[in-house]
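# Coordinates in review
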Amino acid sequence: FDSTSLQNRRSTSTSMALAITLADVEAAAERIKDEATLTPVMTSRTMDKLAGRELFFKCELFQRMGAFKFRGALNAIRQLDLGVQTVITHSSGNHAQAIALAASIVGLKAHVVMPDNSLACKVAAVKEYGATVTECSPTARVEVAAGVERDTPNSCQIGSYNHPHVMAGQGTVGLELMQQVPELDAIIVPVGGGGLISGIATAAKGLNDKIKIIGAEPANADDAARSKAAGKRILLDGVPDTVADGLRTSLGTLTWPVVQNLVDDIITVPEEEIVAGMRLVWERMKLVIEPSAGVGVAVALGPAIKALYGGSLQRVGVVLCGGNQDLDSIPWLSKN
């Protein structure tokens with residue numbers, strides 16, 4: 001199979017090549033396989049009945065540090081120049097933990113800038129992995145991280161999604177899922193900055209160009225859906241009000257072209273459906289997922305996918321992107 005020709009065909013509507021290829025994802029898989037966990041795929045007859053199709057849940061909540069982000073962080077850090085001593089990033093939580101853990105594995109320091117509205121459990125985990133944490137207002141983290149980088153000798157900043165090595169690392173989720181579950185008709189992937197869905201789309205379409213890649217996005221943070229509809233990247237206006245704290249970011253300059261060319265649809269869901277999907281997985285599958293993972297579940301069980309595809313999608317992968325939930329602020333309890 002010629003993955004390069006597929007990428008070229010898919011990118012004809014843009015004037016630039018896409019940031020990553022199937023070969024990049026395959027190389028990332030080799031690069032991280034000694035440390036990253038091959039996460040399980042789980043099924044549920046109850047969920048299948050509710051969805052009206054077979055669902056295959058890729059459980060990234062069992063990845064090291066509790067989310068898929070470890071894959072991209074380790075892939076990126078292992079390709080840094082030898083002179084780098086400190087890795088810097090800004091993140092609301094999961095990428096922060098991933099960078100802190102991956103840096104410790106390869107013997108580097110980590111300095112993480114986190115919004116002051118980050119979940120307490122995620123801030124605590126970053127510190128436990130040995131990183132220095134600087135907290136700031138949610139709208140200032142880019143500037144603060146740039147200042148940390150300027151003030152730190154021999155440092156390098158690795159973003160949470162708009163980075164080809166990060167995107168390729170996240171794509172290993174799709175590579176594994178395609179190997180674990182043959183003949184999938186579609187994969188549902190939560191969308192925030194787009195690193196995960198761009199990596200998975202590249203891997204999955206590279207292996208089977210007929211597969212559908214469906215983005216799952218909070219209605220309150222719908223920049224990807226609006227961008228797809230408009231045919232151009234549209235940014236969020238400020239920090240969106242969504243329980244899915246990992247999806248409060250706009251698509252990046254590198255992830256957007258992949259989403260534009262390789263993602264078939266973006267489906268948005270309201271907050272109450274996100275919480276309901278998260279709770280259902282906790283209750284019926286006994287899996288402690290975070291709200292961002294609940295977004296994909298809500299799409300899999302909701303009416304929009306049925307309206308778009310009818311019964312044509314019989315075997316559907318759903319990426320449960322993480323499980324780093326603050327147990328002191330469970331959504332269906334904290335509102336009571």
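Residues numbered from 1 in each chain as written. Predicted model: local features only at pLDDT ≥ 70, side-chain atom pairs only at ≥ 80, totals over all residues. Heavy atoms only, no water.

## With respect to the nonpolar core
- Among the nonpolar cores identified, the biggest contains 74 residues, and Ile187, Ile188, Ile214, Ile289 and Leu320 are the most heavily contacted of them.
- Ignoring anything within four residues of it in the chain, the contact list for Leu320 reads Phe57, Lys58, Cys59, Glu60, Leu61, Leu287, Ile289, Ala293 and Val297.
- Core analysis: the second largest hydrophobic core is formed by 28 residues, Ala36, Val84, Val87 and Val123 among them. (Core = buried A, V, L, I, M, F, W, Y, C linked by side-chain atoms within 4.5 Å. Buried < 20%, exposed > 50% of the residue type's maximum accessible area, 1.4 Å probe, protein only. Contact = heavy atoms within 4.5 Å.)

## Description of the packing of aromatic side chains
- All told, the structure shown has 1 aromatic pair when counted by the stated rule.
- Judged by centre distance (5.0 Å) and plane angle (90 degrees), the ring pair of Trp282 and Trp332 falls under edge-to-face. With Trp282 in helix H12 (residues 271-285) and Trp332 in helix H15 (residues 331-334), the pair connects residues that are 50 residues apart, well separated along the chain.
- Since its relative accessible area comes to 18%, Trp282 is described here as buried. (Phe/Tyr/Trp six-rings, centres within 6.5 Å; stacked < 30°, edge-to-face > 60°. Helix = DSSP H or I, 4+ residues; strand = E, 2+ residues; numbered from the N terminus.)

## Focus: unusual backbone geometry
- Positive phi, normally seen in glycine, also occurs at Met65, with a value near 60 degrees.
- Inspection of the secondary structure puts Met65 in the loop between strand E2 (54-59) and helix H4 (69-77).
- Residue classification places Met65 among the buried positions, given a relative accessible area of 7%.
- Even without being glycine, Asn154 reaches a positive phi, approximately 55 degrees.
- Residue classification places Asn154 among the partly exposed residues on the basis of a relative accessible area of 45%.

## Description of the sheet that holds E2
- Taken in spatial order, the 6 strands make up an open sheet running E1-E2-E10-E7-E8-E9, and their pairing is mixed. What marks the edges here is a single partner per strand, and that holds for strand E1 (41-42) and strand E9 (265-269).
- Relative to strand E10 (residues 315-320), E2 runs parallel, the two being bridged by 6 bridges. Each residue of the ladder has a partner; that of Phe57, found in E10, is Val318.
- Along the sheet, helix H8 (residues 164-180) makes contact with E1, E2, strand E7 (186-190) and E10, crossing E2 at roughly 135 degrees. (Pairing = 2+ DSSP bridges. Axes fitted to C-alpha atoms, helices over the stretch in contact; angles between N-to-C directions.)

## Focus on the packing of H4 against helix H5 (residues 94-106)
- At a minimum axis separation of 8 Å, H4 and H5 run at an interaxial angle of 45 degrees. Considering their axes alone, H4 and H5 lie oblique with respect to each other. Two packed elements cross with a definite hand, and for H4 against H5 that hand is right-handed. Residues Lys69, Phe70, Ala73, Leu74 and Ile77 of H4 pack against Asn94, His95, Ala98, Ile99, Leu101, Ala102, Ala103, Ile105 and Val106 of H5. (Parallel < 35°, antiparallel > 145°, perpendicular 65-115°, else oblique. Left-handed = near helix turned anticlockwise from the far one by under 90°.)

## Thoughts on the pattern of salt bridges
- Tallying each qualifying case throughout the model produces 13 salt bridges.
- Glu35 is paired through a salt bridge with Arg64; the nearest N and O atoms lie 2.4 Å apart. A residue pair is termed long-range when its members are at least 10 positions apart, and Glu35 in the loop between helix H2 (22-32) and E1 and Arg64 in the loop between E2 and H4 qualify at 29 residues.
- A residue is classified by how much of its surface remains accessible, and Glu35, at 23% relative accessible area, is partly exposed. (Salt bridge = Lys/Arg side-chain N within 4 Å of Asp/Glu carboxyl O.)

## A word on the side chain of Arg53
- Relative to the assigned elements, Arg53 resides in the loop between helix H3 (45-51) and E2.
- No salt bridge is formed by the buried Arg53. Its closest oppositely charged neighbour is Asp185, at 7.3 Å.
- A distance of 2.6 Å separates a polar atom in the side chain of Arg53 from the backbone oxygen of Leu313.
- If we skip the residues at most four places from it in the chain, Arg53 touches Asp48, Ile305, Lys306, Gly310, Leu313, Gln314 and Val316. (Lys, Arg positive; Asp, Glu negative; His and termini not counted. Polar contact = N/O pair within 3.5 Å; in protein donor to acceptor, adjacent residues only side chain to side chain.)

## Concerning the sheet that holds strand E4 (residues 109-115)
- Read across the sheet, 4 strands follow the order E5-E4-E3-E6 without closing on themselves; strand pairing throughout is parallel. At either end of the open sheet lies a strand with only one pairing partner, and these are strand E5 (132-136) and strand E6 (155-157). Looking at each pair of strands side by side, their axes are set apart by 20 degrees on average, direction ignored.
- The sheet contact formed by strand E3 (residues 86-90) and E4 spans 5 bridges and is parallel. Following the sheet pairing, Thr89 is matched in E4 by Val112.

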